[in-house]
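In case you want the letters, here they are:
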Amino acid sequence: MRVGIASDHGGFELKQELIGQLRAAGHEIIDFGAASLSQEDDYPDFVIPLARAVAAGQVERGVAICGSGVGASVCANKVSGVRAALIHDHFSARQGVEDDHMNILCMGGRTVGVAVAWDLVQTFLAAQFSRAERHLRRLGKVASLEAATGAGYERNASS
Ligand code: RB5
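In what follows, the accompanying structure is described. (Residues numbered from 1 in each chain as written. Predicted model: local features only at pLDDT ≥ 70, side-chain atom pairs only at ≥ 80, totals over all residues. Heavy atoms only, no water.)

**Things to note about the pairing of strand β3 (residues 61-66)**
Across the six residues of β3, six count as buried, placing the element largely inside the fold. Pairing geometry for strand β1 (residues 2-7) and β3, over five bridges, is parallel. By the bridge assignment for β3, Ile 5 is matched with Val 63. Here β3 runs beside strand β5 (residues 104-108); their pairing, made up of five bridges, is parallel. Within the sheet, the bridge partner assigned to Gly 62 lies in β5 and is Ile 104. (Buried < 20%, exposed > 50% of the residue type's maximum accessible area, 1.4 Å probe, protein only. Helix = DSSP H or I, 4+ residues; strand = E, 2+ residues; numbered from the N terminus. Pairing = 2+ DSSP bridges.)

This is the structure:
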């Protein structure tokens, strides 16, 4: 799978570890940065380009990491078409895709270890959206809210 990944300094070491594991597993990885560890960097500078690439279909799924995963998830969800969530458990890594069509997995580099993070990433990438009627109905309501309010970052940025 073609997968994008991004982190600030809080997730940099975990990002580098996951890139190696993802490439070894055969995935094509696009690294949206940070390119090096800098305590002064800001997660939106890396997460927004990743989120735009996911929304545009340039990568199939995304992994966004900051210290807690909170900032990454808040930020990614400002881009229209992104369904990002902060995930800590195996069940949600799978069901978030199957039921909610999650397309960006967010994690905290300071809150999960490498082994748990790798399990979450593998589970996220292996899961498929169910396309069940009830899930499509719910996501339609989310999408219509996004369209009606212009809630996405891209729309607000130009107004
Ligand atoms: C950066 O120190 C930290 O605030 C950031 O990585 C993240 O945890 C924000 O949610």
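More follows now that the structure is in view.
**Observations concerning the site of the ligand**
Taken together, Asp 8, His 9, Tyr 43, Cys 66, Gly 67, Ser 68, Val 70, Gly 71 and Arg 110 make up the full set of residues adjacent to the ligand. Contact between the ligand and Gly 67: an oxygen atom at 2.7 Å from a main-chain N or O atom of the residue. Its residues assigned to classes, the shell around the ligand comprises three nonpolar, four polar and two charged. (Near = heavy atom within 4 Å. Polar contact = N/O pair within 3.5 Å; in protein donor to acceptor, adjacent residues only side chain to side chain. Nonpolar A, V, L, I, M, F, W, Y, C, P; charged D, E, K, R; others polar.)

**Points about the sheet that holds β3**
Judged by pairing direction, the sheet is parallel, and its five strands sit side by side in the order β2-β1-β3-β5-β4 without closing on themselves. Both outer strands of the open sheet, β2 (28-31) and β4 (84-86), are each paired with one neighbouring strand and no more. Neighbour-to-neighbour, the strand axes of this sheet turn through a mean angle of 20 degrees, independent of strand direction. Both β1 and β2 contribute to a ladder of four bridges, which runs parallel. Following the sheet pairing, Arg 2 is matched in β2 by Glu 28. (Axes fitted to C-alpha atoms, helices over the stretch in contact; angles between N-to-C directions.)

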